[in-house]
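Residue-level structure breakdown
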Amino acid sequence: MFRVAIQIKELISSNVTSVIEAASNPAKMLTLLQREIEESIIALTGERTRVAQAKRRLEASLVQNDLREADWSDKAKIAMDNGREDLARQALLAREDCRQAIARLKDEIAGTDASLAEIDAAMRELEAKREETRAQAKAQMAADQASAGGAAGAASRAEAHLNRIATLEQRAHYAVEDELAARTNASVDREIEEMGRARAIDAEVEAMRAATEKKAARKAK
């Protein structure tokens, strides 16, 4: 989506009138621009379908993890009541895994909602740009297409367009490098988080042990 997003942003901001004025062959330039816009719309349609499907999978996983979280809490209580502190601890750890998964899933669902909104907005703008280009193409077909003085400007514009496309992959490469650095930082953050989680589990197990001992003492009386 990164490369497509860059292309779409540039297409939306492009000035059709300026392209025509600078081109030695306005009709050809308009045809190329219209084709590029239509290809971007097709790419966005496919991307929207992919994101919508991903959102549905995330929502289904969220429901499952909600159910698992409650189930692990019940299992931890049963294990502690039966004197199996080791099993209670494992159940609580599993519950914490579910809670982390739930938080992550909610963030990812919010991300898909934002992506869908951005895609819809971009598609509306691209469709408007396509109609503008079509109108310009029709007007150009009825006008005099001889514009010898604009040849140099058209060549320069075409070269700039090719250079712009050539740099898209390089930008995507930089994005991947940034992502790798973020993953390294995330691993450190994850290890520290595990330490905090272990302390929280210890405290909860201790509280459950105290409650179990208190209940046993009352029964003994």
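Nothing here was measured: the structure is a model prediction, and the numbers come from that model.

**Here we look at the overall build of the chain**
Within the chain one finds five helices and zero strands. Secondary structure elements in the chain, listed N-terminal to C-terminal, are α-α-α-α-α. Put simply, the chain has 221 residues, and 28% of those count as buried. Partitioning the intrachain contacts of the chain with sequence separation of at least 6 by distance along the chain shows that 88% fall at a separation of at least 24. Carbon and sulfur atoms form 55% of the exposed surface of the chain, whose accessible area is close to 14,100 Å².

**Concerning the nonpolar core**
Of all hydrophobic cores here, the largest spans ten residues; its members are L33, I37, I41, L44, V51, L116, I119, A122, M123 and L126. Those residues in contact with I41, other than ones at most four positions away along the chain, are M123, L126, E127 and R130. Formed by nine residues, the second largest nonpolar core is a distinct cluster that contains A76, A79, I201 and M208.

**Quick notes on the side chain of R95**
Within the secondary structure, R95 is located in helix α4 (residues 85-142). Setting aside its immediate chain neighbours within four residues, R95 contacts E69, W72, S73 and E204.

**Looking at the pattern of salt bridges**
Under the counting rule described, the total for this entry stands at 14 salt bridges. Residues K55 and D113 are paired through a salt bridge, measuring 2.6 Å at the closest nitrogen-oxygen approach. Placement of the pair is K55 in helix α3 (residues 26-81) and D113 in helix α4, with a sequence separation of 58 residues. By relative accessible area, which is 33% here, D113 ends up partly exposed. Two residues, E85 and R89, come together in a salt bridge whose shortest N-O distance is 3.7 Å. Of the two residues, E85 and R89 are both situated in helix α4; the distance of four residues between them amounts to about one turn of the helix.

**Quick word on the environment of E127**
Relative to the elements of secondary structure, E127 occurs in helix α4. With relative accessibility at 32%, the residue E127 sits in the partly exposed group. Each C-alpha atom, one on E127 and one on I37, is 8.1 Å from the other, the two residues being 90 residues apart in sequence.

**Considering the side chain of E47**
Examined against the element boundaries, E47 turns out to sit in helix α3. Exposure remark for E47: the relative accessible area of 13% places this residue in the buried category. Looking at E47, its side chain comes within polar contact range of the side chain of R50, at 2.7 Å.

**Section: the confidence of the model for the chain**
Per-residue confidence for the chain averages 77 on the pLDDT scale, and 69% of its residues sit at or above 70. Counting contacts from residues 145-155, a segment whose pLDDT is below 50, to residues more than four positions away or on other chains yields 14 contacts.

**Some details on α3**
For α3, built from 56 residues, the straight-helix expectation of 82 Å at 1.5 Å per residue is met to within 8% by its first-to-last C-alpha distance of 82 Å. Remark: G83 follows α3 within two positions and exhibits a positive phi of approximately 75 degrees.

**Section: the packing of α3 against α4**
Direction vectors running N to C along α3 and α4 enclose 165 degrees, while the axes themselves pass 6 Å from each other. By the criterion of interaxial angle, the relationship of α3 to α4 is roughly antiparallel. With respect to the hand of their crossing, α3 and α4 are arranged in left-handed fashion. For the contact of α3 with α4, the per-class residue count stands at 31 nonpolar, eleven polar and 20 charged.

Basis of the calculations
- Residues numbered from 1 in each chain as written.
- Predicted model: local features only at pLDDT ≥ 70, side-chain atom pairs only at ≥ 80, totals over all residues.
- Heavy atoms only, no water.
- Helix = DSSP H or I, 4+ residues; strand = E, 2+ residues; numbered from the N terminus.
- Buried < 20%, exposed > 50% of the residue type's maximum accessible area, 1.4 Å probe, protein only.
- Contact = heavy atoms within 4.5 Å.
- Areas by Shrake-Rupley, 256 points an atom, 1.4 Å probe, with all protein chains shown as cover.
- Core = buried A, V, L, I, M, F, W, Y, C linked by side-chain atoms within 4.5 Å.
- Salt bridge = Lys/Arg side-chain N within 4 Å of Asp/Glu carboxyl O.
- Polar contact = N/O pair within 3.5 Å; in protein donor to acceptor, adjacent residues only side chain to side chain.
- pLDDT = per-residue confidence, 0-100.
- Expected span 1.5 Å × (residues − 1).
- Axes fitted to C-alpha atoms, helices over the stretch in contact; angles between N-to-C directions.
- Parallel < 35°, antiparallel > 145°, perpendicular 65-115°, else oblique.
- Left-handed = near helix turned anticlockwise from the far one by under 90°.
- Nonpolar A, V, L, I, M, F, W, Y, C, P; charged D, E, K, R; others polar.

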